[in-house]
Amino acid sequence: MKKIIYVLLSLVFVLSCTGCSEIEKEHFDKLMYKDKTGVHSINEEVKVTIDPEVLSTAGFEISKNILVLEDDDAALYDEDIDVYAQKFVNDLISEIRVALDENKKFGYSVEVNGTVDFDNMYSDESIVLRFNNISVDCGNVYARDDDVYIDKKLFYTLGALKYISDMELLGRYFDSLDDVFGESEYIHMTHVNTFVNIGNVSSNPIAAIKSTNVFRDKYMELYESAQYTLIGFDSDCVTRIENGTRFELDSDEFPEKATRFAEYVTQYSDSAAVVANDYMKFVLEASISLYSRYDEYAEEFYQKVEEAMNFPEITGEDIISAMDSFKESINSPFYDAVFNVLDVSIVNDITSEGDKENNNFKIEGKYKDKSAFLMNTDVELIKTDDYEFKDMTNVESAEYSELLEFDFLMKVYGYYGIKADYVCPQCGESFAYEDTNYCNVCDMVHDYYEYDENCDKFPGCELAALENSVEA
């Protein structure tokens, strides 16, 4: 089972660059910015729209279909279920109405505008968040090869959005940010530290650390390897359009195309196993590199990733087994139970004219011809020679690691790091830590644990009351 999971995770990467006909290679090379050079202005918007009524109704119908598959008697369900479903949807809309727009839909978008130099990985960008009809300025981000400088406005803005319902907690959050930033205007991050371990974990080094390009270079290497493995496969998903190419796939077509893909990979299982092993090693090594810098703050996660690095090599037989499981799942009645209700489609258009290139990606789920959810990404790149990047050599900046230190968490939440489970002194059983937040029951900020059903109590409230009495 463990190997199957690794193989299927790797499959996600391979599917992201499926097909190696000339037109498919052209499309995916542009999508990866493989040959992009020089300075370009960039305007990007990621917009998400969700219709909670349509999506919830579709979810109920999917649930009924699955119940029928699991239990034939469920086909005789009472009509009260439909009444309950409608009541649930109405109650849901009422509870979240404050987060919906005038059409009772939830929407948000992220806009990024600026300039990027693909040769040395320099970029100056501004970020704006939009929630329904409200715009929030999140400041600027400056990338300088290995170094990234993030405007402190971003952290204050996101904190205000997160803790707006609790002014006391928001005040503590702002006080802690004041201590971190001082007179600084930016948070400084460095990519070299992030990927310092890449190439030092496995017996086959990934690459020497030179700059941030090590991550991109390795990903491009994997991309080329996957395309080589798929050199004889054509997904038939890419077509020629005016001034460019289009990738298009929907849930009705996916089983047939994915089945052909699985059968092709099965024929070249040994080559696919090499790609899968290289990809999993890269993902795990990058994870260790990213999180191991924070010492005990991420010690538990780091240990789990390190253990995962000892997974057995994926073989050609593992690939064949995974492809058989994959084909079985996408051609099963359960697939139909979901996607005969929710019609999901993906369209990606990449066009260029003169010095301008546009990349539009859209994924949409429809229920009875009504849009349940839509994610739309628009990226416009225009080649330019007339831009001077901001000088960041002498700016005042705080280090990102300061935001992850225990003192910062203590000031905001009043606790340190990862919490251990609660062991009840009466019944002796252990109850998992869940969260730390303000409690309406005892009017204190404290840890939350699973409810102790044996002793009929909330351990968090009890411990907070005991600590408060000791301090008094």
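Use the structure listed above.
Residues numbered from 1 in each chain as written. Predicted model: local features only at pLDDT ≥ 70, side-chain atom pairs only at ≥ 80, totals over all residues. Heavy atoms only, no water.

The next thing to look at is the overall build of the chain. Looking only at helices and strands, the chain has 15 helices and 16 strands in total. Within the span of the chain, comprising 472 residues, buried residues form 40% of the whole. Carbon and sulfur atoms make up 52% of the accessible area of the chain, which totals about 26200 Å². (Helix = DSSP H or I, 4+ residues; strand = E, 2+ residues; numbered from the N terminus. Buried < 20%, exposed > 50% of the residue type's maximum accessible area, 1.4 Å probe, protein only. Areas by Shrake-Rupley, 256 points an atom, 1.4 Å probe, with all protein chains shown as cover.)

This paragraph deals with the sheet that holds strand β2 (residues 106–117). If you trace the twelve strands from one edge of the open sheet to the other, you get β7-β8-β9-β10-β11-β1-β2-β3-β4-β5-β6-β12, paired in mixed fashion. The open sheet has two edge strands with one neighbour each: β7 (238–241) and β12 (397–399). Mean inter-strand twist for the sheet, computed between neighbouring axes without regard to direction, equals 20 degrees. For strand β4 (residues 134–144) and strand β5 (residues 147–151), the ladder comprises four bridges, and the chain directions are antiparallel. (Pairing = 2+ DSSP bridges. Axes fitted to C-alpha atoms, helices over the stretch in contact; angles between N-to-C directions.)

Here we come to helix α5 (residues 152–162). Those residues of α5 lying buried are Leu154, Phe155, Tyr156, Thr157 and Gly159. Between the side-chain oxygen of the N-cap and the backbone nitrogen of Lys153 there are 2.9 Å, and the N-cap of α5 in question is Asp151. (Polar contact = N/O pair within 3.5 Å; in protein donor to acceptor, adjacent residues only side chain to side chain.)

Applying the stated criterion to the full structure yields 16 aromatic pairs. Between Tyr156 and Phe174, the ring centres sit 5.3 Å apart and the planes meet at 40 degrees, which makes this aromatic pair tilted. One end of the pair, Tyr156, is in helix α5; the other, Phe174, is in helix α6 (residues 167–181), and 18 residues separate them in sequence. Since its relative accessible area comes to 26%, Phe174 is described here as partly exposed. For the ring pair Phe254 and Phe326, a centre distance of 6.4 Å and an interplane angle of 80 degrees mean the geometry is edge-to-face. One end of the pair, Phe254, is in helix α9 (residues 254–267); the other, Phe326, is in helix α12 (residues 316–330), with 72 residues separating them in the sequence. (Phe/Tyr/Trp six-rings, centres within 6.5 Å; stacked < 30°, edge-to-face > 60°.)

Inspection of the secondary structure puts Asp318 in helix α12. A residue is classified by how much of its surface remains accessible, and Asp318, at 13% relative accessible area, is buried. Separated by 2.9 Å, the side chain of Asp318 and the backbone nitrogen of Thr315 make a polar contact.

So, about helix α3 (residues 52–70). With 19 residues, α3 should reach 27 Å at 1.5 Å per residue; the first-to-last C-alpha distance of 27 Å fits that figure. Burial in α3 covers these residues: Pro52, Val54, Ser56, Ala58 and Ile62. Two or three places before Glu53, at the start of α3, stands the capping residue Asp51, its side-chain oxygen 3.2 Å from that residue's backbone nitrogen. (Expected span 1.5 Å × (residues − 1).)

Let us look at the side chain of Asp124. Among the secondary structure elements, Asp124 is positioned in strand β3 (residues 122–131). Among the residues examined, Asp124 registers a relative accessible area of 6% and is labelled buried. There is a polar contact of 3.0 Å between the side chain of Asp124 and the backbone nitrogen of Lys390.

Close approach of charged atoms allows side chains with opposite charge to pair. Going through the model one piece at a time under the given rule, you end up with twelve salt bridges. Between Lys25 and Asp29 there is a salt bridge, with its nearest N and O atoms 3.0 Å apart. Highlighted residues: Lys25 and Asp29, both in helix α2 (residues 22–31), separated by four residues, approximately one helical turn. In this structure Lys25 comes out as partly exposed when scored by relative accessible area, which is 26%. Between Asp137 and Lys153 there is a salt bridge, with the nearest N and O atoms lying 3.2 Å from each other. Separated by 16 residues along the polypeptide, Asp137 in strand β4 and Lys153 in helix α5 bring together distant segments of the chain. Take Asp137: its relative accessible area is 43%, and that puts it in the partly exposed class. When salt bridges that share partners are traced, they join Glu26, Lys30 and Arg240 into one network. (Salt bridge = Lys/Arg side-chain N within 4 Å of Asp/Glu carboxyl O.)

A word on the environment of Ile363. Looking at the secondary structure, you find Ile363 in strand β10 (residues 356–367). Along the sequence, Ile363 and Leu374 sit eleven residues apart, while their C-alpha atoms lie 5.9 Å from each other. Residue contacts for Ile363: discarding those within four places in its chain leaves Val344, Ser345, Ile346, Phe373, Leu374 and Met375. (Contact = heavy atoms within 4.5 Å.)

Let's shift gears to the pairing of β2. For strand β1 (residues 39–50) and β2, the ladder comprises twelve bridges, and the chain directions are antiparallel. Directly across from Ile50, in β2, lies its bridge partner Phe106. Pairing geometry for β2 and β3, over ten bridges, is antiparallel. Bridge pairing in β3 links Glu111 to Val128. Connecting the antiparallel pair β2 and β3 is a turn made up of four residues, with Met121 showing a positive phi of about 60 degrees.

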